[in-house]
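# Observations on the model geometry
Residue-level listing of the chains:
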Amino acid sequence: MSKISLRKCNGILSLSSYSYSSSSYSRSSKVKGSVVLNFECLDDAVTLFHQMVTMKPLPSVVDFSKLFNTMISMKHYWTVVSFFRQMWKLRITINGFILNSVINNYCLMHRADFGFSVLPIYLKNGIPFNTVTFSTLLRGIFSENKVKDAVELFKKLVREKICEPDEIMYATVMNGLSKRGHTQKTLSLLRLMEQGNTKPKIINYNIVIDSLCKARNLDAAINILNEMKQKDIPPNIVTYSSIIDGLCKLGQWEKVKTLFSEMVNLNMYPDVHTFNILIDGLCKDGKVEDVEEVMKHMVEKGVEPNVITYNVIMDGYCLRGQLDRARRIFDILIDKGIEPDIISYNILINGYCKKKKVDEAIQLFGEISQKGSKPNIVTYNTILRGLFGVGRIGVAKQVFVEMVSTGLVPNLSIYHTLLDGYFKYGLVEEAMSLFNKLERKTENIDITSYHIIINGLCKNGELDKAHAIFQKLSSMGLLPDVRTYNTMITGFCLQGLLDEAKDMLRKMEGNNCLPNNVTYNVIVQGYLRCRKINEMVTFMKEMTGRGFSFDATTAELLVNAISENPCVVDMLPELHAEIKK
DNA sequence: CCATACGTAC
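Note that the structure is a prediction, hence the values are computed from the model and not measured.

Along chain A, the regular secondary structure elements total 33 helices and 3 strands. Expressed as a percentage of its 581 residues, the buried residues of chain A come to 46%. Charged side chains in chain A number 70 positive and 60 negative. The centres of these two groups are separated by 7 Å.

Okay, here's the thing in structure tokens:
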């Protein structure tokens, strides 16, 4: 008698045949044969599968299920589809676990529609749906950004009592909403749970807290933390880490310290995740000097830095233009035997590109595949931006073609890079032809795309076309935001059409879109460039009255205007201090 | 008895 056993260890899946000398169920019996298959090699998985389906008796459905999940974790989605089809043809017994995994597999391929097509198989086989089935589908729909569809499905499940959501299904919906900016809806769902049968668990609270923190609403987040304590749902390390992240991003370092002590007092010890959040916050706030101390502290506490720790630090140095230090960090990471991931490369490539050291960036880009990693869409976007940044348009076009040939599907960010690049070098026709292609599918376009087009047309002297597109926005169901208005106003100012710029400013206020610092600076700069000092002063007063201040360009123009004509100073008595800077 | 869905950092 023999039994197939699948064991997963260290990414290696092994298939072993055990023989049993007695009737007692024991694994210590001698091993008759054993095949160890390394699943980094797809062929071996296929071989294993074929061994399994030809075995008599067949391995259990649990073994197939384990194989499927291992394949899914290795992203061999199409292989799973093929395995499932073969099992189906061979009429091998299936159950709800394996069907749920097949749905998950389709969802991870961003084909939730295929996932739905698995549902009839449950019915045909008398297998009931469960909360896992629908949680998996919901996550898949969200991952395709179809928020409305996901919410609709969730409501239908509840309304038609198809399944009673558990806290994980709620968590799936809440997370889908939260990650797409729907903070209030996420909070509402928590409140709904509190009223219903499925009481919220820590995971639901954590999602809401993270959502509020990401929306920079730290007071509300801390209120929820206090609610948890009152309701005897003890916050955990994730709860605290999320809030610490929010506080770091607002630069509230005193409160960060308070929360750290609070955690430790509750016998909760910051882990590598928490420290990475802290280090990231310090780097982003320019406090790179403090990072070393934090690193020392974490190592003393027995928390080992991981690849993300080093990535965060490299990003911090790149942000400050300290590329050499970032590259040191990269070498330390290698020295420590930590494998750089694609994000490590993306951070450094971005650092080089921002410094216009595109050749170094390309060199590093080449190293990625040698080190067994693969450039992703972000890598290509970064390289493309870098190439456009130094005017190497021909190479950029080649790289784009290469990217598509590797099977990567261009996303909106890639198109934005191309459009922006074309406009920057006066390739208006090329940009517009790409834009027209994209516009045929509305899902290809967002407000940022229009922002790039309007800006590009303005900068290339095509103000009328830009204005026409601007006018068209509302009919497309897209609301111009403050950046769109600013772009249009900048365009008018560049052409000296200051009345039009002023009209646009009033129009945005009328449309409930408040002008910001950029708006006022652009208009004041427009008046300064045309030496219309009286009008400029009017706007300057309005601007300072609203608490806005000059940016460097405005200040410089003002200084120039004064040096040309010292009388200007007399018109601005209240701004003396500002000008002296 | 063994296998599937959920939360924090670049």
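Having seen it, we continue.
Across the interface, helix α8 (residues 147-159) lies against helix α9 (residues 167-179) with an axial gap of 10 Å and an inter-helix angle of 155°. Between α8 and α9, the crossing angle belongs to the class labelled roughly antiparallel. With respect to the hand of their crossing, α8 and α9 are arranged in left-handed fashion. On α9, the residues that touch V147, V151, F154 and L157 of α8 are M169, Y170, V173 and L177. Taken together, the residues of the contact of α8 with α9 break down into 8 nonpolar, no polar and no charged.

In the neighbourhood of DNA strand B, 40 residues make up the surrounding shell, with F97, R139, K179, I203 and N206 lying closest. Those atoms of DNA strand B that come within 4 Å of the protein belong to sugar or phosphate at a rate of 41%. The separation between a base nitrogen of DNA strand B and a polar side-chain atom of N276 is 2.9 Å. A distance of 2.8 Å is found between a sugar or linking oxygen of DNA strand B and a side-chain nitrogen or oxygen belonging to D315. Going through the elements one at a time, α2 (61-73), α4 (96-108), α7 (131-143), α9, α11 (202-214), α13 (237-249), α15 (272-284) and α17 (307-319) are the ones with two or more residues in the surface near DNA strand B. If one sorts the elements of the surface near DNA strand B by residue count, α11 sits on top with 6 residues. A class-by-class count of the residues in the surface near DNA strand B yields 12 nonpolar, 18 polar and 10 charged.

It is worth spelling out the packing of aromatic side chains at this point. A full pass over the atoms with the stated rule returns 14 aromatic pairs. Ring geometry for F435 and Y450: centres 5.6 Å apart, planes at 85°, overall edge-to-face. Separated by 15 residues along the polypeptide, F435 in helix α24 (residues 428-439) and Y450 in helix α25 (residues 447-459) bring together distant segments of the chain. Assigned by exposure class, F435 and Y450 land together as buried. Judged by centre distance (5.6 Å) and plane angle (25°), the rings of Y527 and F539 are stacked. With Y527 in helix α29 (residues 517-529) and F539 in helix α30 (residues 533-545), this pair connects stretches of sequence that are 12 residues apart. Judged on exposure class, the residue Y527 and its partner F539 are both buried. Aromatic rings pair up to connect F49, F64 and F83 into one cluster. One cation-aromatic arrangement involves R111 over F114; the distance from NZ or CZ to the ring centre is 4.1 Å.

Let us now look at the state of the cysteines. Considering all chains together, one arrives at 0 disulfides under this definition. C318 provides the cysteine sulfur closest to C353, a residue in no disulfide bond, and the two sulfurs are 10 Å apart. When its relative accessible area of 10% is taken as the criterion, C353 is described as buried. Of all cysteine sulfurs, the one in C493 lies closest to C458, which takes part in no disulfide; the gap is 10 Å.

The next thing to look at is α2. The end-to-end C-alpha distance of α2, which contains 13 residues, comes to 18 Å, matching closely the 18 Å that a straight helix rising 1.5 Å per residue would cover. Among the residues of α2, D63, F64, S65, L67, F68, T70, M71 and I72 are the ones counted as buried. Following α2 by one or two positions, K75 adopts a phi angle in the positive range, close to 65°.

Domain annotation for chain A reports domain 1 (145-269) and domain 2 (505-581). Measuring from the centre of the C-alpha atoms in domain 1 to the corresponding centre in domain 2 gives 44 Å.

Procedures and definitions
- The residue numbering used here restarts from 1 in each chain and proceeds along that chain's sequence as written.
- Chains carry letters from A onward and ligands carry numbers from 1 onward, assigned in written order.
- Residue-level local features of this predicted model are given only where pLDDT is at least 70; pairs of side-chain atoms are given and counted only at 80 or more, and the full residue set underlies all totals for whole chains, interfaces and linings.
- Hydrogens and waters are ignored; side-chain quantities use all the structure's heavy atoms.
- Strands are runs of DSSP state E lasting at least 2 residues, helices are runs of H or I lasting at least 4, and numbering of each runs from the N terminus.
- Residue exposure (1.4 Å probe, protein chains only): buried if accessible area is under 20% of the type maximum, exposed if over 50%, otherwise partly exposed.
- Think of it this way: Lys and Arg go in the positive column, Asp and Glu in the negative one, and His and the chain ends go nowhere.
- To locate a charge, take atom NZ for lysine, CZ for arginine, CG for aspartate or CD for glutamate.
- With axes taken as lines fitted to C-alpha atoms, and helix axes fitted only over the stretch in contact, angles between N-to-C directions fall between 0 and 180 degrees.
- Oblique is the label for any angle not covered by the other classes, which are roughly parallel (under 35 degrees), roughly antiparallel (over 145) and roughly perpendicular (65 to 115).
- Note on convention: near helix rotated counterclockwise from far helix by under a right angle means a left-handed crossing. Clockwise means right-handed.
- Any pair of residues with heavy atoms lying within 4.5 Å of one another is described as a contacting pair.
- For this classification, the nonpolar set comprises Ala, Val, Leu, Ile, Met, Phe, Trp, Tyr, Cys and Pro, the charged set comprises Asp, Glu, Lys and Arg, and every other residue, Gly included, is treated as polar.
- In these notes, residues near a molecule or strand are those with any non-hydrogen atom within 4 Å of it.
- Polar contact is the term for a pair of N or O atoms within 3.5 Å; when the atoms are in protein, one must be able to donate a hydrogen and the other to accept it, and sequence-neighboring residues count only if both atoms are side-chain atoms.
- Two rings from Phe, Tyr or Trp (for Trp, the six-membered ring) form a pair when their centres sit within 6.5 Å of each other. Planes less than 30 degrees apart are called stacked, planes more than 60 degrees apart edge-to-face, and all others tilted.
- Two conditions define a charge sitting above a ring: the NZ of Lys or the CZ of Arg must be within 6 Å of the ring centre, and it must be within 35 degrees of the ring normal.
- Any cysteine sulfur atom paired with another within 2.5 Å is treated as part of a disulfide.
- Expected helix span is taken as 1.5 Å per residue step, with the number of steps being one fewer than the number of residues.
- These domain limits were set by an automatic method or by a database of domain assignments.

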